[in-house]
Amino acid sequence: MPVSRYSLLGTRYSKTMHRWSELFIPTLREAPADAEVASHKFLVRAGYIRQLAAGIYSYLFLGNRSFNKIIRIVREEMDKIGQEYYLPALHPRELWEASGRYALMGENLFRLKDRKGTDMCLGMTEEEVMTSIALKELRSYKQLPQIWYQIAPKFRDEPRPRSGLLRVRQFMMKDSYSFDIDAAGLDVSYKKHYEAYCRIFDRCGLKYMVVEADSGAMGGKESHEFMVRTPAGEDQIVSCDGCDYAANMEKATSKLEAVTDLVAEGDGKPLLVHTPGQKTIEEVARYLGVSPKNKIKTLAYMADEVDEKGKKKSRAIVVLMRGDHQLNEAKFNATVATATRPMEEPEIEALFNSPAGYLGPLGIEWARDLKNHGGKPLLLVDKALEGRVNLIAGANKKDYHLKNLTPGKDFHPTAYADLRSVTAGEACPNCGKPLRIDTAVEVGHIFKLGYRYSESMGLRVLDRNGKEVMPIMGCYGIGIERILTAAVEQGNDNDGFWLPAAIAPFEVVVAPVNVKDEAVRNASEDIAKRLEAAGFDVVLDDRDERPGVKFKDADLVGIPFRITVGKKVTEGTVEVVLRETREVCDVTISAIVEYLQGVLRRSG
RNA sequence: CGGGGCGUAGCGCAGCCUGGUAGCGCACCUGCCUUGGGCGCAGGGGGUCGUAGGUUCAAAUCCUAUCGCCCCGACCA
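Residues numbered from 1 in each chain as written. Chains lettered and ligands numbered in written order. Predicted model: local features only at pLDDT ≥ 70, side-chain atom pairs only at ≥ 80, totals over all residues. Heavy atoms only, no water.

1. Describing the overall build of chain A
Argument step 1. The helix and strand tally for chain A stands at 15 helices and 33 strands.
Argument step 2. Along the three orthogonal principal directions, the C-alpha set of chain A runs to about 100 × 65 × 45 Å.
Argument step 3. Looking at chain A as a whole, 53% of its 604 residues qualify as buried.
Argument step 4. When the accessible area of chain A is evaluated, it comes to approximately 27,400 Å², of which 50% is carbon and sulfur surface.
Argument step 5. Taken as two groups, the 85 positive and 86 negative side-chain charges of chain A have centres that lie 1 Å from each other. (Helix = DSSP H or I, 4+ residues; strand = E, 2+ residues; numbered from the N terminus. Buried < 20%, exposed > 50% of the residue type's maximum accessible area, 1.4 Å probe, protein only. Areas by Shrake-Rupley, 256 points an atom, 1.4 Å probe, with all protein chains shown as cover. Lys, Arg positive; Asp, Glu negative; His and termini not counted. Charge placed at Lys NZ, Arg CZ, Asp CG, Glu CD.)

And the structure:
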């Protein structure tokens, strides 16, 4: 069977040759006005999707075919490492309260009531459901490890759905969960996912990169994101062309060039200097004739917390950065493990006894420890300031700054932490070459969860000594429509897009130039049938349309190969057109199957 | 949630300021014509002007409310 070729690609959709004239492929000459990004415009124009509501889309014939091909690849690879489940999307409130996420997820969780008035919600992910199964069923270390997954719709009431399929409210997700007896086991499950994900994205034809990611405030240890570079993306990733370093902005670091510290003035003690009207870092630096690198930027935040009794309390958190550096709020929030907001003017006055613009770390009693802070304000200092001397900061007095400030000597930070956003061109922490920053779409995420759910939901098994232990978990996600979206973003031009053959709705479109010409028509039918028999997903454009119409549609809808059947059939020849390069090649009709198999093998 | 924009035929838009017959291009239907890049000619169908209320002799147009969609920001295990 020539189908053996398909063990290579493994994407054959169904054993049916489709005739364009009988299909519903509503292509549009113009994109809807509200589409901004390329993938959104083209998927609508190509008749893949139609919008139902903000962030909610219907998949038409072509879209669904591509979608199913992606799912098939994901399923095949996941089946190699885990077991597929099918879990409900409709969850009882209690389940989410058990994990503490009912409150945590806030407005992003879709909530509804059943007829009896019972609170329900729509699943955003399935940690709770999977863990509850594990909770009821897993008893012994002998049953571990387990990897369970599903491919099912997820619901998130996003504050702002956008960019077509990139950020939506209902989407298809492959989510899997691993349960291991110990951290070493989790390492294995994690690695299996890492490798499976690489195979999945490779087979889907994506040019992706794997970046170190922040595991957030969830207490996880290790996390990687699978990213596809595209200007349409919402994430920023930092990477190095010189080595394989790559991380997202929340995690990225860089090697900083050494800074020349100022020489102490006077007796070396903090020295008050008059800086009338000079508020910004730039103004002060220029006024004093120093570089912003020798200045301290003082940022004031509040963490609003609610204690067990429901009482609100706010804690002041002050951050010191090098004058020319930007605070990364994700790093900051991860460090303090809570949500924060900038201080308001009265709060600044209350803590510093000074107007904004002249803030500094002196004269305030800071907490000694991040956890046991005793209600005192926290002073977090960015690592770039560690070891620096004779810096300049605000004096907490209008129109005055202080010179000769040395952290650890003149004031005592609660903690040093990496709080800085890397900027493009800084040196790679591994090899020193300049770093680049790109926007990207996150198509997959693997994450060592740890004991977050085992603990909150009370998951225990007996180990080989008969002792109760908490299994350790990992969770792993892939956004199905994001694969499609990223593929479209990755391959498009003015006329449309081309998908990698493995995820294209059809691999080949056979386009007879004139269906009223009997020789052309017969040859087209013959070619389409032979390709179909050889295992290709093929569509025959048998519409009685002018060639221009067929070519335009073929260019638009993402099919990677076109066979144009025209006058040259009388010589026994047709044209094979590669959509991506527009390379055209005359091929003998009798050799067409072998030819395409060869092309596919090279491109696939 | 803050800021901005838009809802008129399937799609893209004009008309609104200055109230008085609802229009254009594409798509669609019929016929003829044409057949290697959205061809041409002729004829034709299709719109509660997002919704509700108000002002007016008269509202797509002015006023109020409301719903929806898009963009920027905030948010995003």
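Structure shown, so let's carry the discussion forward.
2. Here's the deal with the packing of helix H2 (residues 38-45) against helix H12 (residues 480-490)
Argument step 1. Axis separation between H2 and H12 bottoms out at 9 Å; the angle between their running directions is 100 degrees. With respect to H12, the axis of H2 lies roughly perpendicular. Within the contact between the two elements, H2 uses Ala38, Ser39, Phe42 and Leu43 and H12 uses Leu484, Thr485, Val488 and Glu489.
Argument step 2. Class assignment of the residues belonging to the contact of H2 with H12 gives a composition of five nonpolar, two polar and one charged. (Axes fitted to C-alpha atoms, helices over the stretch in contact; angles between N-to-C directions. Parallel < 35°, antiparallel > 145°, perpendicular 65-115°, else oblique. Contact = heavy atoms within 4.5 Å. Nonpolar A, V, L, I, M, F, W, Y, C, P; charged D, E, K, R; others polar.)

3. A look at the sheet that holds strand S6 (residues 111-113)
Argument step 1. Read from one edge of the open sheet, three strands run S5-S7-S6, paired in antiparallel fashion. Strands with a single pairing partner mark the edges of an open sheet, and in this sheet they are strand S5 (90-92) and S6. Recorded for the sheet is a direction-independent mean angle of 40 degrees between the axes of neighbouring strands.
Argument step 2. Judged from the three bridges that link them, S5 and strand S7 (residues 119-122) form a sheet pairing that is antiparallel. In the sheet register, Leu90 faces S7, and the bridge partner there is Leu122. (Pairing = 2+ DSSP bridges.)

4. Quick look at helix H3 (residues 61-79)
Argument step 1. Taking 1.5 Å of rise per residue, the 19 residues of H3 would be expected to cover 27 Å, and the 26 Å separating its terminal C-alpha atoms lies within 8% of that figure.
Argument step 2. All of the buried residues in H3 are Leu62, Gly63, Arg65, Ser66, Phe67, Lys69, Ile70, Ile71, Ile73, Val74, Glu77 and Met78. (Expected span 1.5 Å × (residues − 1).)

5. Things to note about the protein's contact with RNA strand B
Argument step 1. Looking at RNA strand B, there are 39 residues lining it, with Arg29, Arg167, Arg546, Asp555 and Glu575 nearest.
Argument step 2. In the interface set of RNA strand B, defined as its atoms within 4 Å of the protein, sugar plus phosphate atoms amount to 46%.
Argument step 3. In this structure, a phosphate oxygen belonging to RNA strand B sits 2.8 Å away from a main-chain N or O atom of Ala54.
Argument step 4. The side chain of Arg160 places a nitrogen or oxygen atom 2.7 Å from a phosphate oxygen of RNA strand B.
Argument step 5. Contributing elements (two or more residues each) for the surface near RNA strand B: strand S2 (49-53), helix H14 (547-556) and strand S31 (561-565).
Argument step 6. By residue number, the principal contributor to the surface near RNA strand B is H14, which donates seven residues.
Argument step 7. In the surface near RNA strand B, the residues fall into 14 nonpolar, seven polar and 18 charged. (Near = heavy atom within 4 Å. Polar contact = N/O pair within 3.5 Å; in protein donor to acceptor, adjacent residues only side chain to side chain.)

6. Observations concerning the nonpolar core
Argument step 1. Residues Tyr48, Phe201, Leu206, Ile480 and Leu499 are the most contacted members of the largest nonpolar core, which totals 64 residues.
Argument step 2. In contact with Phe201, not counting residues within four places along its chain, are Leu206, Tyr208, Phe226, Val443, Gly444, Ile478 and Ile483.
Argument step 3. Membership of the second largest hydrophobic core comes to 27 residues, among which are Val538, Leu540, Val565 and Ile589. (Core = buried A, V, L, I, M, F, W, Y, C linked by side-chain atoms within 4.5 Å.)

7. Let's talk about the packing of aromatic side chains
Argument step 1. What the rule picks out here adds up to 14 aromatic pairs.
Argument step 2. When the centroid spacing of 5.7 Å and the interplanar angle of 65 degrees are considered together, the rings of Tyr194 and Phe226 count as edge-to-face. Residue Tyr194 is located in helix H7 (residues 183-203), and its partner Phe226 is located in strand S11 (residues 223-229); the two are separated by 32 residues in the primary sequence.
Argument step 3. Summarising the aromatic geometry, the rings of Tyr197 and Phe226 are spaced 5.3 Å apart at their centres and angled 55 degrees between planes, so their arrangement reads as tilted. Of this pair, Tyr197 sits in helix H7 while Phe226 sits in strand S11, and the two are 29 residues apart along the sequence.
Argument step 4. Taken together, the aromatic side chains of Tyr194, Tyr197, Phe201, Tyr208 and Phe226 make up a single cluster linked through ring pairs.
Argument step 5. Stacked on the ring of Tyr400, the Lys or Arg Lys397 has its end atom at 4.6 Å from the ring centre.
Argument step 6. Stacked on the ring of Tyr453, the Lys or Arg Arg452 has its end atom at 4.7 Å from the ring centre. (Phe/Tyr/Trp six-rings, centres within 6.5 Å; stacked < 30°, edge-to-face > 60°. Lys NZ or Arg CZ within 6 Å of the ring centre and 35° of its normal.)

8. A closer look at the environment of Arg482
Argument step 1. Residue position: Arg482 is located in helix H12.
Argument step 2. Taking the relative accessible area as the measure of exposure, Arg482 reaches 18% and is therefore buried.
Argument step 3. As for Arg482 and Leu165, which are separated by 317 residues in sequence, their C-alpha atoms are 6.9 Å apart.
Argument step 4. Those residues within four positions of Arg482 in sequence are excluded, and the remaining contacts are Leu166, Arg167, Glu234, Val441, Glu442 and Val443.

9. What about the side chain of Arg322?
Argument step 1. Within the secondary structure, Arg322 sits in strand S16 (residues 312-322).
Argument step 2. For Arg322, the side chain forms a polar contact with the side chain of Asp324, separated by 2.7 Å.

10. Examining the packing of H3 against H7
Argument step 1. Where H3 meets H7, the axes come as close as 9 Å, and the angle between the chain directions of the two elements is 150 degrees. Looking at the two axes, H3 sits roughly antiparallel to H7. As for the relative orientation of H3 and H7, their crossing is right-handed in sense. Listed contacts from H7 to Ile73, Val74, Glu76, Glu77 and Met78 of H3 are His193, Ala196, Tyr197, Arg199, Ile200 and Arg203. (Left-handed = near helix turned anticlockwise from the far one by under 90°.)

11. Considering the sheet that holds strand S19 (residues 391-397)
Argument step 1. Read across the open sheet, the three strands follow the order S14-S20-S19; overall the sheet is antiparallel. Sheet topology places strand S14 (271-274) and S19 at the edges, where each strand pairs with a single neighbour. Between one strand axis and the next, the sheet turns through 35 degrees on average, direction left out of account.
Argument step 2. Judged from the four bridges that link them, S14 and strand S20 (residues 400-405) form a sheet pairing that is antiparallel. Bridge pairing links Leu271 to Lys403 in S20.

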